[in-house]
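Spelled out from the first residue to the last, the chains are:
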Amino acid sequence: MGRTKIWLSWSSGKDGAWALHELRASREFEVTGLLTTVNRDAGRVAMHAVREELLEAQAAAAGLPLLKVSIPSPCSNVVYEEAMGAAMAQARAEGIVHVAFGDLFLEDIRRYREEKLHAVGMTPIFPLWGRNTRVLAREMVEGGLRAYLTCVDPRQLDRRFAGRRFDASLLDEWPAGVDPCGENGEFHTFAFAGPMFSAGLAVELGEIVERDGFVFADVLPARGAATHS
């Protein structure tokens, strides 16, 4: 019996990237597309603020089609759910009835996804659910995943972490009381290398700005740089 074909919710960050890695290692599922919400006004991934061209480069490196859901900013729940409903209708038309998420332990988020997807005949999958995030963060880094912190909530994590690489040295100085995977919204990331990609993306860090109560680090395509590894 073949693997179940699924889509993966893709925010451009480390959790989704690692979920892709683990799903591919499983004998149960086959990821056939990456589903991402994009701020249509800014041309960036919602909340992570990653440029659309880098999102497309990730999908190419992962060898998967990118399924964009365009939303305005700000975006009401009603508008978001309408856009996602249309995406799920497309999934079902393609024979896809499962969507995977990189969620780790937030019960309310999981219930929301389950409720909304079940209502339209879809089933959510949570390949990383319940994992110890301190152990998982180390596993990601030791497994070759590389990422930048692109968004920091300064109410939960010091501003100085914006733009830092998600690596062993970062985890060594990680502050107590802050989830090292950012599951509570402390930070968001952009994954640029790892076993889920055929090759690393050549990127560099751009401007760091504070906007709407968050600190954002802009990641740019590298100018003439070698591919990261």
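Residues numbered from 1 in each chain as written. Predicted model: local features only at pLDDT ≥ 70, side-chain atom pairs only at ≥ 80, totals over all residues. Heavy atoms only, no water.

Caption draft 1: Examining the pairing of strand 9 (residues 203-211) more closely. Pairing of strand 9 with strand 10 (residues 214-221), which is carried by seven bridges, proceeds in the antiparallel orientation. Looking at the pairing, valine 203 lines up with proline 221 of strand 10. Linkage of strand 9 to strand 10, two consecutive antiparallel strands, is achieved through a turn of two residues, within which aspartate 212 is found at a positive phi near 55 degrees. (Pairing = 2+ DSSP bridges. Helix = DSSP H or I, 4+ residues; strand = E, 2+ residues; numbered from the N terminus.)

Caption draft 2: Main features of the layout of surface pockets. What the largest pocket holds in volume is close to 1,600 Å³. Lining the largest pocket are 46 residues, and of these Ser11, Ala46, Met47, His48 and His188 sit closest to its centre. Within the residue set of the lining of the largest pocket, elements represented by two or more residues are helix 1 (14-25), strand 2 (29-39), strand 3 (44-45), helix 3 (77-93), helix 4 (107-119), strand 8 (187-193) and strand 10. When residues of the lining of the largest pocket are assigned to their parent elements, the largest contribution, four residues, is made by strand 2. Residues that form the lining of the largest pocket fall into these classes: 21 nonpolar, 17 polar and eight charged. Of the pockets and cavities examined, the second largest pocket occupies roughly 220 Å³. Along the walls of the second largest pocket sit Tyr80, Glu81, Met84, Gly85, Met88, Phe101, Tyr112, Arg113, Lys116, Leu117 and Val120, which together make up its complete lining. Of all the secondary structure elements, the ones that give two or more residues to the lining of the second largest pocket are helix 3 and helix 4. (1 Å grid on protein atoms, 1.4 Å probe; cavity = no way out; pocket = protein on both sides within 12 Å on 5 of 7 lines; lining within 4 Å. Points joined across faces, edges and corners; volume = space filled by probe spheres on them. Nonpolar A, V, L, I, M, F, W, Y, C, P; charged D, E, K, R; others polar.)

Caption draft 3: Spotlight on helix 3. Counted at 1.5 Å a residue, the expected span for helix 3 with its 17 residues is 24 Å, and the 24 Å between its end C-alpha atoms agrees. Where helix 3 is concerned, the buried positions are Ala83, Met84, Ala87, Met88 and Ala91. The buried residues of helix 3 occupy one face: seen down the axis, they fall within an arc of 140 degrees. Within helix 3, the exposed residues directed more than 90 degrees away from the buried face are Val78, Glu82 and Ala93. Among the structural elements, strand 1 (4-9), strand 2, strand 4 (66-71), strand 5 (98-100) and helix 4 are those in contact with the buried residues of helix 3. (Expected span 1.5 Å × (residues − 1). Buried < 20%, exposed > 50% of the residue type's maximum accessible area, 1.4 Å probe, protein only. Arc of directions from axis to C-beta. Contact = heavy atoms within 4.5 Å.)

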